[in-house]
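# Coordinate analysis (summary)
This is what each chain is made of:
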Amino acid sequence: MPSHLFADRPAPQPPERGTVDALITQTRRLRGGVDAVRRDALVDEDDAQLRWQRALCDLAVHQLDDLGSHLDQLRDGPAARAEDAAAHAVESAFGQRPQAVTLLSRVGSAEWNLLNDAVSWSEELFQIFGRAPGSGGMSLDELPAVVVEEDQALLTAMVTGALVDGRPIDGEFRIVRPDAEVRTLHMMGEPVLDAEGCTASMWAVLRDVSELRRSQRAVRESRDDLQRRHHIARTEHRLAVELQEAVLPPWRGSLRLPQGGPGALDIAAHYLPSSSSARIGGNWHDALELPDGSSLLTVGDLTGHGVTATGAMAMLLGALRGMAVAGIGPGALMGHLNQLLEQTVQPALGSAVCCRYEPAGRTLVWSGAGHPAPLLFRDGTGRALGAPDGMLLGATRGAAYGQTEAALLPGDLLVLATDGLTRHSARDDDGQHRLLGLAPLFDGGRTAQDCVRMIVEEFGEHEREDDACVLVARIGS
């Protein structure tokens, strides 16, 4: 079959067999490596990244199968059949049936003679169309009958362009086989002109690219899904950061509460992000002067990350501030927060510590809900305050929370921190001991801001799984 417009053009010489054999060997080796990566890849339908990687591997295997098939035919010539050594070599190398991977089952040829209406189809083309060889090849007029309706105009335009204008054919269309299976074919061909420049016949090579296009579509869809999820994640992260910045206290550096009088607190706080900056959690810290002259000190953490966690944190912190201003004590306040979490649309668990400091008597009344107790540093030593009973917020309906009172002295230092500060992994249980070990450094009249800086230097450089908050309060004289 000619592959050019005029029959008197000299045909190119085939490549040397040794060169093609080397390319076949390289292709099989590469195909085996890609297939090994594909087999070892974990498939998690909920992980867009893994699905995209698997789809890329599938597409690469299809393309390498096609390349191997083309090289086999280039080496053995167009007369090769499935039972030939080339097909068996592909079967043994690829571990699949020759019909599934070789050019023989996916590429066929045809020629339509316009002078005598003769039609010549290769055996492979009959297989592609699902037709018996005895039924004869389909003419150009009959071909649109098996083409999907949406693609019939495209096929007609390609054939008309070749026969009338002498343009080469290069396009794809879908056919419906007798078994109702839809296949995608890629058609390449050219008209053959006679000595007077008129179209005498047309030849074409048709390739079944159904699996290849299916793999490409899977790569495209998984890539689009991955990009969409990345966009959603970036948007949610930005919203979570903005919400967190809007809710957490606006003051930076040191804060003095109350503004005047003896026993005032020197307060400083800091938020420490997780190792993965995308994991914005529901951590909070707050300090607030109350109407009766006392001060609210609180830190806490809600389960989860992202907009959901920061939104729930904003709701909880707003309720906490309101109830504290209304004069509700720490124990009762925790009970109301627990009830609030029970009634949220999206269930969540939280831990918190809430302290009410009265400067006149330098007394601290506090309550906790599944949270590390405040640490008290005095005279170069540190200890955890005795914790009242209190389970996680949102864990059970109608939970009761106790509160306890501690007498403080001028110069005492209080440290409130979420457990993400000292716990860098599920196996890390010595963080509080390290924090208590900083007691000698806290002594000597250092400011709350100095102490926060020391804590961040001690814990902030380490890899942490979760974000954290720390609040430090120095008792004034």
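Glancing now at the packing of aromatic side chains. The geometry of an aromatic ring pair is captured by the separation of the ring centres together with the interplanar angle, meaning the angle of the planes. This model, assessed by the stated rule, comprises 3 aromatic pairs. Arranged with centres 5.2 Å apart and planes meeting at 55°, the rings of Trp121 and Phe126 form a pair that is tilted. We classify Trp121 as buried; its relative accessible area is 10%. A relative accessible area of 6% places Phe126 in the buried class. Summarising the aromatic geometry, the rings of Trp121 and Phe129 are spaced 4.9 Å apart at their centres and angled 45° between planes, so their arrangement reads as tilted. For the pair Trp121 and Phe129, one class covers both residues: buried. Grouping aromatic residues by their ring pairs yields a cluster made of Trp121, Phe126 and Phe129.

With the rule as written, the count across this model stands at 0 disulfides. Cysteine Cys354 is unpaired, with the sulfur of Cys355 as its nearest cysteine sulfur at 6.7 Å. Residue Cys354 is classed as buried on the basis of its relative accessible area, which comes to 2%.

Okay, helix H8 (residues 307–325) next. When the terminal C-alpha atoms of H8 are compared, their 27 Å separation across 19 residues agrees well with the 27 Å that a helix rising 1.5 Å per residue should span. Listed as buried for H8 are Ala309, Thr310, Ala312, Met313, Leu316, Leu317, Leu320, Met323 and Ala324. Buried residues of H8 fall within an arc of 155° about the axis and therefore sit on the same side. The inward-facing, buried residues of H8 abut helix H7 (210–247), strand E8 (284–289), strand E9 (295–302), helix H9 (330–342) and strand E10 (350–358).

Turning our eyes to something else, we now look at unusual backbone geometry. Across the chain, the bulk of peptide bonds are trans and the bulk of non-glycine residues have phi less than zero. Here the bond from Leu257 into Pro258 is cis, since omega is -15°, no more than 30 degrees from zero. Locating Pro258 in the fold gives a position in the loop between strand E6 (254–257) and strand E7 (265–272). For Asp117, which is not a glycine, the phi torsion comes out positive at approximately 65°. With respect to the secondary-structure elements, Asp117 resides in the loop between strand E1 (107–113) and strand E2 (119–121). When its relative accessible area of 65% is taken as the criterion, Asp117 is described as exposed. Of note in the backbone geometry, Arg362 takes a positive phi value of approximately 50° without being a glycine. Checked against the element boundaries, Arg362 lands in the loop between E10 and strand E11 (363–369).

Where H7 meets H8, the axes come as close as 8 Å, and the angle between the chain directions of the two elements is 15°. Here H7 is positioned roughly parallel relative to H8, judged by the angle of their axes. When the axes of H7 and H8 are compared, the crossing they make is left-handed. Across from Glu236, Leu239, Ala240, Leu243, Gln244 and Val247 in H7, the residues of H8 making contact are Val307, Thr310, Gly311, Met313, Ala314, Leu317 and Arg321. Residues that form the contact of H7 with H8 fall into these classes: 8 nonpolar, 3 polar and 2 charged.

Moving on: the sheet that holds E6. The strand order across the open sheet formed by 6 strands is E6-E7-E16-E15-E12-E13, and the pairing between neighbours is antiparallel. Both outer strands of the open sheet, E6 and strand E13 (381–384), are each paired with one neighbouring strand and no more. Strand-to-strand, the axes of this sheet are offset by a mean angle of 20°, without reference to chain direction. Pairing geometry for E6 and E7, over 4 bridges, is antiparallel. Bridged to Arg256 within E7 is Asp266.

Now for the pairing of E7. Most of E7 is tucked away: 7 of the 8 residues are buried. Relative to strand E16 (residues 468–475), E7 runs antiparallel, the two being bridged by 8 bridges. Paired with His270 across the strands is Val470, a residue of E16.

Turning our attention to the confidence of the model for the chain. Detailed reading of the predicted model is not advised wherever pLDDT is low. Summarising the model, the chain shows a mean pLDDT of 82, and 83% of its residues fall at 70 or more. Scored below 50 in pLDDT, residues 1–12 makes 19 contacts in the model with residues more than four places away or belonging to other chains. Note that pLDDT drops below 50 for residues 79–104; the model gives that stretch 46 contacts with residues more than four away or on any other chain.

Right, let's talk about the pattern of salt bridges for a bit. For the structure shown, the criterion picks out 23 salt bridges. In this structure, the salt-bridge partner of Asp292 is Arg356, at a minimum N-O distance of 3.1 Å. Residue Asp292 is found in the loop between E8 and E9, and its partner Arg356 is found in strand E10; the two are separated by 64 residues along the sequence. Overall, the relative accessible area of 53% leaves Asp292 in the exposed class. Each of Arg177, Asp179, Glu181, Arg183, Asp208 and Glu211 takes part in salt bridges that share partners, so that together they form one network.

Rules of the game
Each chain has its residues counted from 1, running along the sequence as written. With pLDDT at 70 or above as the cut-off, local features in this predicted model cover only qualifying residues; side-chain atom pairs require 80 or more to be listed or tallied, and sums for whole chains, interfaces and linings still use all residues. Side-chain metrics rest on all non-hydrogen atoms present in the structure, leaving aside hydrogens and water. Between 30 and 60 degrees the pair is tilted, below 30 it is stacked and above 60 it is edge-to-face, where a pair is any two Phe, Tyr or Trp rings, Trp via its six-membered ring, whose centres lie within 6.5 Å. The buried label applies to any residue whose accessible area, calculated with a 1.4 Å probe on protein chains only, is under 20% of its type's maximum; exposed applies above 50%, and partly exposed to all values in between. Any two cysteine sulfur atoms lying within 2.5 Å of each other are counted as a disulfide. Secondary structure follows DSSP: runs of H or I at least 4 residues long count as helices, runs of E at least 2 residues long count as strands, and numbering of each begins at the N terminus. Every helix has an expected span of 1.5 Å times one less than the residues it contains. By definition, the arc is the one covered by directions from the helix axis to the C-beta atoms. In this description, contact between two residues means that some pair of their heavy atoms is separated by no more than 4.5 Å. Inter-axis angles, ranging from 0 to 180 degrees, are taken between N-to-C directions of lines fitted to C-alpha atoms, where helices are fitted over the stretch in contact. Note on angle classes: values under 35 degrees are labelled roughly parallel, values over 145 roughly antiparallel, values of 65 to 115 roughly perpendicular, and the remainder oblique. Should the near helix be turned anticlockwise from the far one by less than a right angle, the crossing is termed left-handed; should it be turned clockwise, right-handed. Asp, Glu, Lys and Arg are counted as charged, while Ala, Val, Leu, Ile, Met, Phe, Trp, Tyr, Cys and Pro are counted as nonpolar; the rest, among them Gly, fall into the polar class. In short, DSSP must find at least two bridges between two strands for them to pair. Per-residue confidence from the predictor is reported as pLDDT, which spans 0 to 100. By convention in these notes, a salt bridge is any Lys or Arg side-chain nitrogen within 4 Å of a carboxyl oxygen on Asp or Glu.

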